[in-house]
Amino acid sequence: MDAFEYVMVIVSIITGLGLSTILTGIGELIQGRKIIRVYGIHLIWVGFIFLLQVELWWVWWELRSRIEWDLPSFFLLLLHPIVLYVLSIMAFPNISLGDEVDLKQYYYDNRAWFFGVFSLYPALNIVRDQVFLAVPIFSVRHLFLACFIAITLLLAWTGKRWVHWYAAYTTVSVALVYMYMFVGGITD
């Protein structure tokens, strides 16, 4: 086992926990469909977090050529899946079958914390690019990420529904373009 494989084991475990949390939450929504009022914006962000976790695991392949790892670099690497795992947990309320759940109310009641934590993710990507990939600080890639930080902070601050609807659709659409432009394939 080389250093990259060793480091990626715990990253993969945390990513797997995040994916499991999202899938469990979706399963609980389906099971409790008679007592849970679903909210479209909530589902968009849940799907986006799922997509980001898969994309993160895929992107880390770019680090396979790194031979030496130190503890600060390892912690920086761990922060990404940790933030996504925390978001996965925050995305769903504690659902006890029998209790009525309104995901719209849950979404807006928790938006400040949820999007506050979410804003850390693109910021960590900028730091990752600087530390691991030597991406220039002024790049199209970082412009996308800076816009994502601004959007998540706006969503944490405002409770206006039209802003949340617009941001959900445009952010996910732009993120898909970003992934198409900047996330490559796996080659050896």
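Peer 1: Give me the overall build of the protein: which residues, what numbers.
Peer 2: Scanning the protein for helices and strands turns up 7 helices and 2 strands. Listing the helices and strands of the protein from first to last along the sequence gives α-β-α-α-β-α-α-α-α. Taking 188 residues into account, the globule formula puts the C-alpha radius of gyration at 16 Å, and the protein, at 17 Å, falls close to it. With the principal axes as the frame, the protein shows a C-alpha extent of 50 × 35 × 25 Å. Nonlocal contacts in the protein, meaning residues at least 24 apart in sequence, comprise 81% of its contacts between residues at least 6 apart. Of the accessible surface of the protein, which amounts to about 10,400 Å², a share of 68% is contributed by carbon and sulfur atoms.

Peer 1: A description of the confidence of the model for the protein should follow, citing residues and the corresponding values.
Peer 2: On average, residues of the protein score 88 in pLDDT, and 95% of them are at 70 or above. Ranking the helices and strands of the protein by mean pLDDT puts helix α4 (residues 103-118) first, with 95, and helix α7 (residues 161-182) last, with 87.

Peer 1: Please provide a residue-by-residue account of the pattern of salt bridges, values included.
Peer 2: Enumeration according to the criterion identifies 3 salt bridges in this entry. Residue arginine 128 pairs with aspartate 129 through a salt bridge whose shortest N-O separation is 3.0 Å. For the pair shown, arginine 128 and aspartate 129 are each scored as buried.

Peer 1: Talk me through the nonpolar core; I want residue IDs and the actual numbers.
Peer 2: Counting residues in hydrophobic clusters, the biggest one holds 53 residues, and the most contacted among them are Trp45, Phe48 and Phe118. When residues of this core are traced back to their parent elements, those giving at least two are α1 (3-31), α2 (40-59), α3 (71-90), α4, α5 (120-133), α6 (140-157) and α7. The element that contributes the greatest number of residues to this core is α2, accounting for 8 residues. If near-sequence neighbours (up to four positions away) are discounted, phenylalanine 118 is found in contact with Trp45, Phe48, Ile49, Leu52, Leu87, Phe148 and Thr152.

About the criteria used
Residues numbered from 1 in each chain as written. Predicted model: local features only at pLDDT ≥ 70, side-chain atom pairs only at ≥ 80, totals over all residues. Heavy atoms only, no water. Helix = DSSP H or I, 4+ residues; strand = E, 2+ residues; numbered from the N terminus. Rg over C-alpha atoms; globule rule 2.2 N^0.38 Å. Contact = heavy atoms within 4.5 Å. Areas by Shrake-Rupley, 256 points an atom, 1.4 Å probe, with all protein chains shown as cover. pLDDT = per-residue confidence, 0-100. Salt bridge = Lys/Arg side-chain N within 4 Å of Asp/Glu carboxyl O. Buried < 20%, exposed > 50% of the residue type's maximum accessible area, 1.4 Å probe, protein only. Core = buried A, V, L, I, M, F, W, Y, C linked by side-chain atoms within 4.5 Å.

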